[in-house]
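Here is how the chains run, residue by residue.
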Amino acid sequence: MTGRGTNIYNTSDYFTYLYQGGKSGDFTIDVEVNSLGSTANYAKAGIMVRQSMANNSRHAMVLLTPAQGAGFYRRLTDGASTQGTRTSGVTAPRWLRMKRTGNLFVGYYSSDGISWTEVANANITMTGTVNVGLAV
């Protein structure tokens, strides 16, 4: 997957998103990021859950960057600033996992897809159906 945009951060996001809408309830999604081009230190690739397709939508994302490690980014309410937690030294190839239980979103990474390390978690109120997919 290739993409473009200016960033997934601050109060608005501009990125490429391959997603499926209409997801509800609890779920776990795993994906393997085989490689990630170093177009910028904060270039991102990972799993994102968004309440809506508005550029300022609340969201949760577990991701990899080429120079900043694994991360868990979240916007707790529409239009708020994005918060990020990073674990340095984690690079592709890696597995990523997003787990939703109610309004608790947890991001993980793994080197083998079997043993998982939590990056961070957050309670984010998302109602109705959400969009789930790959963001770059």
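Everything below is about the structure printed above this text.
Rules behind the numbers
Residues numbered from 1 in each chain as written. Predicted model: local features only at pLDDT ≥ 70, side-chain atom pairs only at ≥ 80, totals over all residues. Heavy atoms only, no water. Helix = DSSP H or I, 4+ residues; strand = E, 2+ residues; numbered from the N terminus. Rg over C-alpha atoms; globule rule 2.2 N^0.38 Å. Buried < 20%, exposed > 50% of the residue type's maximum accessible area, 1.4 Å probe, protein only. Contact = heavy atoms within 4.5 Å. Lys, Arg positive; Asp, Glu negative; His and termini not counted. Charge placed at Lys NZ, Arg CZ, Asp CG, Glu CD. Pairing = 2+ DSSP bridges. Axes fitted to C-alpha atoms, helices over the stretch in contact; angles between N-to-C directions. Core = buried A, V, L, I, M, F, W, Y, C linked by side-chain atoms within 4.5 Å.

This part covers the overall build of the chain. Of regular secondary structure, the chain possesses zero helices and 12 strands. Traced from its N-terminal end to its C-terminal end, the chain shows the element sequence β-β-β-β-β-β-β-β-β-β-β-β. Its C-alpha radius of gyration of 13 Å places the chain within 12% of the 14 Å reference for a compact globule of 136 residues. Once the C-alpha set of the chain is aligned to its principal axes, its extents read approximately 35 × 30 × 25 Å. When the 136 residues of the chain are sorted by exposure, 40% land in the buried category. The contacts in the chain between residues at least 6 apart in sequence include a share of 55% that link residues at least 24 apart. Taken together, the 12 basic and 7 acidic charged side chains of the chain have centroids lying 6 Å from each other.

Attention now moves to the sheet that holds strand E11 (residues 117-123). With antiparallel pairing, four strands are arranged side by side in an open sheet as E4-E9-E10-E11. Only two strands of the sheet have a single partner each, and these edge strands are strand E4 (27-33) and E11. Sheet twist, expressed as the average angle between the axes of neighbouring strands with direction ignored, equals 15 degrees. Sheet topology note: the strand E9 (residues 94-101)/strand E10 (residues 104-110) ladder contains seven bridges and is antiparallel. Bridging from a neighbouring strand, lysine 99 pairs with valine 106 of E10.

Once that is clear, we can look at the environment of serine 111. Checked against the element boundaries, serine 111 lands in the loop between E10 and E11. As for serine 111 and isoleucine 124, which are separated by 13 residues in sequence, their C-alpha atoms are 27 Å apart. For serine 111, the contacting residues outside a window of four places in its chain are Arg94 and Trp95.

Moving on: the nonpolar core. Among the nonpolar cores identified, the biggest contains 23 residues, and Val49, Val62, Phe72, Leu96, Met98 and Phe105 are the most heavily contacted of them. Elements supplying a minimum of two residues to this core: E4, strand E5 (45-50), strand E6 (59-64), strand E7 (70-75), E9, E10, E11 and strand E12 (130-135). Membership of the second largest hydrophobic core comes to seven residues, among which are Tyr17, Met48, Leu63 and Ala135.

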